[in-house]
Amino acid sequence: MPSAFNFLASPFDSLGPDEQRLVRDSVDIAYFPAGETILDVGLVPTHLFVIIKGVVQQVEGGEVINTYSIDDCFDGRGLVAERVSSRFVAAEEVVAYQLAKKTVSSLIASNATFGAMLFSDLSNKLSAISARKSQHELQSLTMARVDEAFVRPAHFVDADTDIVSVVKLFQAERTTTVLVRDRTCDPPRLGIFTHTGLQRAILSGIPLGELPVRDLANFSVIAVRPSDQLGDALAVMIRARVHRVVVAELTSDGAIDSGRIAGVLEAMDLFSFLSNHSYLISIQIIGSGDIAGLAQAALHINRLIALLHQSGTKVSLIATLVQELNARLFERTWQLIAPPELVANSCLFVMGSEGRGEQLLKTDQDNGLILRDGYAPPADLVEICQRFSAALRDFGYPECPGNIMVSNAVWRQTAGDFGRTARQWLLLPSPDSLMSLAIFIDAHAVCGDSGLLEAVRGELFGLVTDNDAMLARFASAINSFAESGGWWNRLLSLGEQNEEVLDLKKAGIFPLVHGVRSMALEQRLAETGTVARIERLVGGGKLTAEMGADLADSLHFFMGLKLKAGLAEIASNHPVSGVIRVSKLSSLDRDLLKDTLGVVKRFRALLRQRYHLDMVA
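Calculation criteria
Residues numbered from 1 in each chain as written. Predicted model: local features only at pLDDT ≥ 70, side-chain atom pairs only at ≥ 80, totals over all residues. Heavy atoms only, no water. Helix = DSSP H or I, 4+ residues; strand = E, 2+ residues; numbered from the N terminus. Expected span 1.5 Å × (residues − 1). Buried < 20%, exposed > 50% of the residue type's maximum accessible area, 1.4 Å probe, protein only. Core = buried A, V, L, I, M, F, W, Y, C linked by side-chain atoms within 4.5 Å. Contact = heavy atoms within 4.5 Å. Phe/Tyr/Trp six-rings, centres within 6.5 Å; stacked < 30°, edge-to-face > 60°. Lys NZ or Arg CZ within 6 Å of the ring centre and 35° of its normal. Axes fitted to C-alpha atoms, helices over the stretch in contact; angles between N-to-C directions. Parallel < 35°, antiparallel > 145°, perpendicular 65-115°, else oblique. Nonpolar A, V, L, I, M, F, W, Y, C, P; charged D, E, K, R; others polar. Polar contact = N/O pair within 3.5 Å; in protein donor to acceptor, adjacent residues only side chain to side chain. Pairing = 2+ DSSP bridges.

(A) Broad picture of helix H24 (residues 545–571). Between its first and last C-alpha atoms H24 spans 39 Å; for 27 residues at 1.5 Å apiece the expected length is 39 Å, and the two agree. Asn573 lies just past H24 and shows a positive phi near 60 degrees.

Set out below in structure tokens:
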């Protein structure tokens, strides 16, 4: 065969030298004129095709569901299943390599990754990619298990033990932490006492030999499991603002299994294991006494994201850490700008991807403020809110073009007024009100009394009845950026490919996220994260497990692809555009993009059927 076979294209990039030699020795070339059916439904295929020239369309039910171009291969699934389930047509003159089934079977038998990339579903493809990562990526420190780090042994004392005896234990065991067992309660409770509590013990004025550790122990113990990832443990520390967590197995209801406590993971031990500075950024934020100090901390967030991405950290974990850091940043900014009485009598919240915990690189501000009913805010409230929005802008978070910010009176109301506004969004739907409703449903409290937000959202959910017409209008927003019949051809256009760009938010992220959001609203789910909503919908039988897994995998793939493009733009001193250039994608990413957009297309069809969207004006 010609020596031009591209072994850099997926799935052939997983083959070793001997396997590549087998392909070279076995492949032939086939020609198909424009309009010819290459494979038809029900046919028993004999070859795998790899396109050298031309475009092939995959057709089901009269609709083009996929398009294949140069270096793409088809129909691996049909070859393995021994039956073609779609019709494959030459959209234009096609020249292709054809690889006999016997050779393909041999490659699958010798190379599991090749087989997975060739015919598996999206989830298995992504698993295969993960397995192919370099050793550095596989051992990405944030993905390591908690029990792979230095977990200090647990030292226990009874709740009646006096402080002097505890200090002697500190000295004898060279530790600064003890776990406190209080058996006087039913059920018994577990607490924690550290050396920082000694200052309070001394200041109490009670003789330390008479002061029981029970009086100073913290019985709100935070725990992680030995099998949890270190990145998750780090996120827990940031969220709970603690310097140590108990490592233990948990019971079915989430409580600590007192008989299976592995030890204590301390922050400094975790730092020595991790190669990033996310906790240090959090400490810098919390300790900042002015806006200038917060601005310095905000600068480090993008650097952290780039470091985590380069080390192979899962995009879902990066998003979790970013959400926690941003929440701390917004909270501390509000605390520095707003007087304490305002902070205590209000709830500052974020929305959009920030509220869902799916934000990575900094984008537009989406935030609001709920004031407690009966509270008289400061006379300069408007100026306070304007200063807050300006501070975030200076931190790198652009002002929202739609003015969805606390500086806008519409998004700064009392709880009662906010409740009435939300009811109007729901009961008097219009395109603008439904957009506001969608944004608000994703709200996540970052400072103040979170109960104010939950009360308004709970009141809103209480009005969500079996109003099929309202739900249909709400869900119909998935068609806001409707795909045209030539979408797949545009994705793989040949003549102007260098200029082809794709807005991932419009093409994939928004219809996926809003579709899940619509189903979550119907079920009155309190979760704000898309993956958490998917899990609840699957658990309630509203989505199949397969569709749920595909949606979650697709969302994370879109987020990762968008992050990769955004970091490249930042590195080249360009603003983050939110689009990707199709011509810059690797064949593997392009293959996965087609799979994930296919998932979104199937999800759209499910939603159209569920909510009868073809009947919505």
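From this point, the discussion proceeds with the structure in view.
(B) Representation of helix H13 (residues 315–337) within the structure. For H13, with 23 residues, the first-to-last C-alpha span of 32 Å sits near the 33 Å given by 1.5 Å per residue. H13 sits mainly inside the fold: 18 of its 23 residues count as buried.

(C) Up close: the nonpolar core. Within the largest apolar cluster, 131 residues are counted, with the highest numbers of intra-cluster contacts made by Leu265, Trp334, Phe440 and Leu593. Every residue in contact with Leu265, bar those within four places of it in the chain, is listed here: Val146, Ala149, Phe150, Leu230, Ala233, Met237, His243, Arg244, Val245, Val247 and Leu270. Counting residues in each nonpolar core, the second largest holds 16 residues, with Phe5, Phe7, Leu99 and Leu118 among its members.

(D) Inspection of the packing of aromatic side chains at higher detail. Summed over all chains, the structure comprises 18 aromatic pairs. Between Phe5 and Phe7, the aromatic rings sit 4.8 Å apart at their centres with planes inclined by 45 degrees, giving tilted as the arrangement. The pair Phe5 / Phe7 is uniform in exposure class, with both members buried. Grouped by ring-pair contacts, the aromatic residues Phe32, Phe49, Tyr68, Phe74 and Phe88 constitute a single cluster. One cation-aromatic arrangement involves Arg181 over Phe156; the distance from NZ or CZ to the ring centre is 3.7 Å. Against the face of Phe219 rests Arg189, its NZ or CZ located 3.7 Å from the ring centre.

(E) Here's a closer look at the packing of helix H23 (residues 530–539) against H24. At their nearest, the axes of H23 and H24 sit 9 Å apart, and the two run at 175 degrees to each other. With respect to H24, the axis of H23 lies roughly antiparallel. Listed contacts from H24 to Thr530, Val531, Ile534 and Val538 of H23 are Ala545, Gly548, Leu551, Ala552, Leu555 and His556. Here the contact of H23 with H24 is composed, by residue class, of seven nonpolar, three polar and no charged.

(F) A look at the side chain of Ser14. Its location among the elements puts Ser14 in the segment before helix H1 (17–26). A distance of 2.8 Å separates the side chain of Ser14 from the backbone oxygen of Pro11, its partner in a polar contact.

(G) A look at the sheet that holds strand E6 (residues 73–74). The sheet built from four strands is open, its strands ordered E1-E8-E3-E6 with antiparallel pairing. Among the strands making up the open sheet, the edge pair consists of strand E1 (28–32) and E6. The pairing of strand E3 (residues 47–53) with E6 spans two bridges and is antiparallel. Looking across to E6, one finds that Val50 is bridged to Cys73.

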